[in-house]
Amino acid sequence: MPNVDELLERARRRLQRITPEQAAAEHAKGALLVDTRTSEQRARDGEIPGALAIDRTVVEWRLDPASPFRIAPAIDHKIRVIVVCAEGFSSSLAAASLQDLGLVNATDVIGGSDASACPCRGSGP
């Protein structure tokens, strides 16, 4: 049985992770930017402008185009989904899970919203 570090490494091997700058550029061109941080983290650290806040516990149901619980932008399996968490750990697992659902263009942001160079970072207190 793998431990969580091995699971994370396996997930990241499948992803083409992107920098915060790349995420901002892709989002400006129409990619879905999905913020999976908790509501407490978003309240404390600020919102990411334009990001869809989707709780990590339901991200697969909201983004699977075949799910009756999907959000409107989840129109097909080719959509570009960029997942952001606080530090870039749980977002890697979420993006890999989305790829398992057939969302072949899912990835995540290296360093998450806490990355010092993150132009997608909201204005926190």
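In this report, we go over the structure that sits alongside the text. (Residues numbered from 1 in each chain as written. Predicted model: local features only at pLDDT ≥ 70, side-chain atom pairs only at ≥ 80, totals over all residues. Heavy atoms only, no water.)

## Points about the overall build of the protein
In step 1: Secondary structure assignment for the protein yields five helices and four strands.
In step 2: Beginning at the N terminus, the succession of helices and strands in the protein can be written as α-α-β-α-β-α-β-α-β.
In step 3: Over its C-alpha trace the protein gives a radius of gyration of 14 Å, about what one expects of a compact globule, namely 14 Å for 125 residues.
In step 4: Based on the C-alpha atoms only, the size of the protein along its principal axes is roughly 35 × 35 × 25 Å.
In step 5: Here the protein, with 125 residues, has 41% of them falling under the buried criterion.
In step 6: Taking contacts inside the protein between residues at least 6 apart in sequence as the whole, the part at least 24 apart equals 68%. (Helix = DSSP H or I, 4+ residues; strand = E, 2+ residues; numbered from the N terminus. Rg over C-alpha atoms; globule rule 2.2 N^0.38 Å. Buried < 20%, exposed > 50% of the residue type's maximum accessible area, 1.4 Å probe, protein only. Contact = heavy atoms within 4.5 Å.)

## Some details on the pattern of salt bridges
In step 1: Scanning all chains against the criterion turns up eight salt bridges.
In step 2: Residues R17 and D108 are paired through a salt bridge, measuring 2.8 Å at the closest nitrogen-oxygen approach. Taken together, the positions of R17 in the loop between α1 (4–14) and α2 (20–28) and D108 in strand β4 (residues 106–108) put the pair 91 residues apart, joining distant regions of the chain.
In step 3: When the shortest N-O distance is used, the salt bridge between E26 and R80 registers 2.6 Å. One end of the pair, E26, is in helix α2; the other, R80, is in the loop between α4 (59–63) and β3 (81–84), and 54 residues separate them in sequence.
In step 4: The exposure class assigned to E26 is partly exposed, which follows from its relative accessible area of 24%. (Salt bridge = Lys/Arg side-chain N within 4 Å of Asp/Glu carboxyl O.)

## As for the side chain of T36
In step 1: When you line up the elements, T36 lands in the loop between β1 (32–35) and α3 (39–45).
In step 2: Owing to a relative accessible area of 7%, T36 belongs among the buried residues under this scheme.
In step 3: Every residue in contact with T36, bar those within four places of it in the chain, is listed here: I54, R56, V59, V83, V84 and C85.

## Regarding the pairing of β1
In step 1: On β1, burial covers both faces: L32 and V34 on one face and L33 and D35 on the other are all buried.
In step 2: In this sheet, β3 lies alongside β1 in parallel orientation, the contact comprising four bridges. What sits directly across from L32, in β3, is V81.
In step 3: Of the pairings in the sheet, the one linking β1 to strand β2 (residues 52–53) comprises two bridges and is parallel in character. Note that in β2 the partner of D35 across the bridge is A53.
In step 4: Between the parallel elements β1 and β2, the chain passes through α3 in a crossover that is right-handed. (Pairing = 2+ DSSP bridges. Right-handed = clockwise from strand over helix to strand, strands pointing away.)

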